[in-house]
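Analysis of the macromolecular model
The chain contents come next:
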Amino acid sequence: KAGVTQTPRYLIKTRGQQVTLSCSPISGHRSVSWYQQTPGQGLQFLFEYFSETQRNKGNFPGRFSGRQFSNSRSEMNVSTLELGDSALYLCASSLTGGEAEKLFFGSGTQLSVL
Amino acid sequence: KNQVEQSPQSLIILEGKNCTLQCNYTVSPFSNLRWYKQDTGRGPVSLTIMTFSENTKSNGRYTATLDADTKQSSLHITASQLSDSASYICVVSDYGGSQGNLIFGKGTKLSVKP
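Residues numbered from 1 in each chain as written. Chains lettered and ligands numbered in written order. Predicted model: local features only at pLDDT ≥ 70, side-chain atom pairs only at ≥ 80, totals over all residues. Heavy atoms only, no water.

1. Focus: the overall build of chain A
What counts, and what does not: A run of H or I in DSSP becomes a helix once it reaches four residues, and a run of E becomes a strand once it reaches two; helices and strands are each numbered from the N terminus. Only C-alpha atoms enter the radius of gyration, while the globule expectation follows 2.2 Å times N to the 0.38, with N the number of residues. Throughout, exposure labels follow a simple rule: accessible area from a 1.4 Å probe, protein chains only, divided by the maximum for the residue type, with under 20% read as buried, over 50% as exposed, and the rest as partly exposed. Every residue pair with non-hydrogen atoms within 4.5 Å of one another is taken to be in contact.
Along its length, chain A carries zero helices and eleven strands. For chain A, the N- to C-terminal ordering of α and β elements is β-β-β-β-β-β-β-β-β-β-β. Against the 2.2 N^0.38 benchmark of 13 Å for 114 residues, chain A shows a C-alpha radius of gyration of 13 Å, consistent with a compact globule. Overall, chain A is about 35 × 25 × 25 Å in size when its C-alpha atoms are taken along their principal axes. Relative to its full complement of 114 residues, chain A shows a buried share of 50%. Long-range contacts, defined as pairs at least 24 residues apart, comprise 54% of the intrachain contacts of chain A with a sequence gap of at least 6.

Put into structure tokens, the structure is as follows:
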């Protein structure tokens, strides 16, 4: 079974631009969640999608948005990029997103904002 | 405020030695506690998940313990190998009903030297 796939692997953007990251979950998984990881803050939850609906959202500004398609693939978008958005963006999938379910992470997209 | 604190921040040990990583949390109410291993440039990989009623769980050379009364957990690594060099992240979930209620520690960076 293929794991969680994130594309692109690396991305360089300049301030003010927007970016779209993609995540393909493990086949059969319907919950996809997104996280931002920085050296200073560690991993922080962005949002979770289940059956094309955003089920939970972390404490990030509205510039961060996402969506999920009917095949469970998900995208996240960051508009008006700031230098502080430079981070590793990880997505994870699980069967239903239940409390004690195991999360499977992708390798992430490393975003650098110049 | 829900928090997860890990210690030490970093650790260097010799190959073949044992080590123990610590995790203290103030998350309430408590649902489950997870340990993840994250290799540099990769996404985290689940090692163990423990609910309130479990006080120990093993995964090969990794053994996690949980004391829900003192809100402490430890991850013990036996007979360390060079491939154990990674960051180890403790994650605690409250009763949020979804993956959106995960609180991440900042991790312990373990280096295993030959």
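2. Here we look at the sheet that holds strand E1 (residues 5–7) of chain A
Residue and element names in this part refer to chain A. Here is the rule: When DSSP locates at least two bridges between a pair of strands, those strands are taken to pair. Angles here are taken between N-to-C directions and fall from 0 to 180 degrees, while the axes themselves are lines fitted to C-alpha atoms, restricted in helices to the stretch in contact.
Sheet architecture is open: four strands sit in the order E1-E3-E8-E7, paired in antiparallel fashion. The outermost strands of the open sheet, each flanked by one partner alone, are E1 and strand E7 (64–68). Across the sheet, the mean angle separating the axes of adjacent strands is 20 degrees when strand polarity is ignored. Note that E1 and strand E3 (residues 19–24) share three bridges and pair antiparallel. Considered in E3, the bridge of glutamine 6 is made with cysteine 23.

3. Some words on the packing of aromatic side chains
Selection rule: We call Phe, Tyr and Trp rings a pair once their centres come within 6.5 Å, taking the six-membered ring for Trp, and we label the pair stacked below 30 degrees between planes, edge-to-face above 60, and tilted otherwise.
The final tally for this structure, using the stated rule, is eight aromatic pairs over all chains. Residues phenylalanine 60 of chain A and phenylalanine 64 of chain A carry aromatic rings whose centres are separated by 5.3 Å and whose planes lie at 65 degrees to one another, so their mutual orientation is edge-to-face. You'll find phenylalanine 60 of chain A and phenylalanine 64 of chain A in the same group, each marked buried. Where phenylalanine 105 of chain A meets tyrosine 36 of chain B, the ring centres are 5.6 Å apart and the plane angle is 90 degrees; that geometry is what we call edge-to-face. Residue phenylalanine 105 of chain A is located in strand E10 (residues 104–105), and its partner tyrosine 36 of chain B is located in strand E4 (residues 32–38); the two belong to separate chains. Summarising the burial analysis for this pair, phenylalanine 105 of chain A and tyrosine 36 of chain B share the class buried. Members of the aromatic cluster, joined through ring pairs, are Tyr35, Phe45 and Phe105 of chain A together with Tyr36 and Phe104 of chain B.

4. Here's the deal with the state of the cysteines
This is how it is decided: Disulfides are defined as pairs of cysteine sulfur atoms found within 2.5 Å of each other.
Inspection of every chain in the model, using the stated rule, returns two disulfides over all chains. Disulfide pairing is shown between cysteine 23 of chain A and cysteine 91 of chain A; the S-S distance is 1.8 Å. What sets the handedness of the cysteine 23 of chain A and cysteine 91 of chain A disulfide is the S-S torsion sign, and at about 60 degrees it is right-handed. With cysteine 23 of chain A in strand E3 and cysteine 91 of chain A in strand E9 (residues 87–94), this pair connects stretches of sequence that are 68 residues apart. The class of cysteine 91 of chain A is buried, set by a relative accessible area of 0%. Covalently, cysteine 23 of chain B is tied to cysteine 90 of chain B through a disulfide, its sulfur atoms 2.0 Å apart.

5. Re the sheet that holds strand E7 (residues 62–67) of chain B
Residue and element names in this part refer to chain B. Spatial strand order, E1-E3-E8-E7-E6: five strands in an open sheet with antiparallel pairing. The sheet is open, and its two edges are formed by strand E1 (4–7) and strand E6 (56–59), each paired on a single side. The average angle at which neighbouring strand axes cross in this sheet is 15 degrees, direction not considered. When E7 meets strand E8 (residues 72–77), the two strands line up antiparallel, connected through six bridges.

6. Considering the pairing of strand E5 (residues 45–51) of chain B
Residue and element names in this part refer to chain B. By the criterion of burial, E5 is predominantly enclosed, with five of the seven residues buried. Pairing between E4 and E5: six bridges, direction antiparallel. Residue asparagine 32 lies in a different strand from E5, and its bridge partner there is threonine 51. Between the end of E4 and the start of E5, which pair antiparallel, lie six residues, with glycine 41 showing a positive phi angle near 75 degrees.

7. Let's talk about the interface of chain B and chain A
To be explicit about the condition: Accessible area, probed at 1.4 Å, shrinks when two parts are joined; the buried area is that loss added up over both. One speaks of a salt bridge when a side-chain nitrogen belonging to Lys or Arg is within 4 Å of a carboxyl oxygen belonging to Asp or Glu. Within 3.5 Å is the distance limit for a polar contact, defined as a pair of N or O atoms, with the added protein rule that one can donate a hydrogen and the other accept it, and that residues adjacent in sequence qualify only through two side-chain atoms.
In this complex, chain B contributes 24 residues to the contact, which on the side of chain A involves 23 residues. Taken together, the two surfaces of chain B and chain A that pack against each other cover about 1900 Å², and 52% of this comes from carbon and sulfur. Our enumeration of links across chain B and chain A arrives at zero salt bridges. For the pair chain B and chain A, the interface holds four residue pairs in polar contact (both at pLDDT 80 or more). Breaking the side of chain B that touches chain A down by element, the ones donating at least two residues are E4, E5, strand E9 (86–93) and strand E10 (102–104) of chain B.

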